[in-house]
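Single-letter residue listing:
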Amino acid sequence: MFRKKRPEPVISRAEALGMIPVRNEAVEETELPGGLVRLAYPLAVKPWFGRLADKVGLWDGRPMTKRVELDEMGTFVWRRIDGRNSVRAIAEMFAEAYEVQLREAELSVTAFIKTIGQRGMIGLK
């Protein structure tokens with residue numbers, strides 16, 4: 001009746017910082033005035049929700065998209081996600097650009113990467 005939740009694999013801090021974020025090709029990027037970025041990404045719909053929304057006429061079956069506008073710091077990190085830079089390298093660039101301690105940059109960058117990863121906007125290799 002109840003499924004046990006599988007424990008997420010635990011990786012070391014060094015392994016996490018060594019991972020390389022890769023953009024999801026389905027994410028559309030729009031340049032905004034002021035050099036900021038708006039991202040549009042496909043929204044994953046649970047099958048039961050899709051069936052329910054279809055029955056009540058709220059969904060036509062086309063993929064749903066969600067949009068998010070990044071601030072200056074988010075745009076900085078997004079532009080460095082190119083499939084070559086590691087999380088560590090991006091954090092180092094962030095620390096230098098915003099004149100913050102490396103540890104603070106690592107925390108900020110990893111939190112941002114985790115968030116956009118959970119939304120399916122990037123993957124990690």
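Here the structure is shown first, and the text comes after it.
Quantities reported herein were computed from a predicted structural model and do not represent experimental measurements. (Residues numbered from 1 in each chain as written. Predicted model: local features only at pLDDT ≥ 70, side-chain atom pairs only at ≥ 80, totals over all residues. Heavy atoms only, no water.)

*Asks:* For this particular structure, what's the right way to read the packing of aromatic side chains?
*Replies:* The geometry of an aromatic ring pair is captured by the separation of the ring centres together with the interplanar angle, meaning the angle of the planes. A full pass over the atoms with the stated rule returns 3 aromatic pairs. The interplanar angle of 70 degrees and the centroid separation of 6.0 Å between the aromatic rings of Phe76 and Phe94 together place this pair among those described as edge-to-face. Of this pair, Phe76 sits in helix 3 (residues 72-80) while Phe94 is found in helix 4 (residues 87-98), placing the two residues 18 residues apart along the sequence. Of the residues examined, Phe76 reaches a relative accessible area of 13% and is grouped as buried. Relative to Tyr98, the ring of Phe76 has its centre 5.5 Å away and its plane inclined at 80 degrees; by these criteria the two rings are edge-to-face. With Phe76 in helix 3 and Tyr98 in helix 4, this residue pair connects regions lying 22 residues apart in the sequence. Owing to a relative accessible area of 21%, Tyr98 belongs among the partly exposed residues under this scheme. Every member of this aromatic cluster is reached through a ring pair, and the members are Phe76, Phe94 and Tyr98. Positioned above the aromatic ring of Phe76, the side-chain terminus of Arg80 is 3.5 Å from the ring centre. (Phe/Tyr/Trp six-rings, centres within 6.5 Å; stacked < 30°, edge-to-face > 60°. Helix = DSSP H or I, 4+ residues; strand = E, 2+ residues; numbered from the N terminus. Buried < 20%, exposed > 50% of the residue type's maximum accessible area, 1.4 Å probe, protein only. Lys NZ or Arg CZ within 6 Å of the ring centre and 35° of its normal.)

*Asks:* Any chance you could explain the pattern of salt bridges here in plain terms?
*Replies:* Pairing between side chains of opposite charge can happen when the charged atoms of each approach one another. Taken as a whole and judged by the stated rule, the model has 5 salt bridges. Here Arg23 and Glu29 are joined by a salt bridge, their closest N and O atoms 3.0 Å apart. Under the relative-accessibility criterion, Glu29 is labelled partly exposed at 36%. Put simply, Glu31 and Arg79 hold a salt bridge, and the shortest N to O gap is 2.9 Å. Of the two residues, Glu31 sits in strand 2 (residues 28-31) while Arg79 sits in helix 3, which places them 48 residues apart along the sequence. (Salt bridge = Lys/Arg side-chain N within 4 Å of Asp/Glu carboxyl O.)

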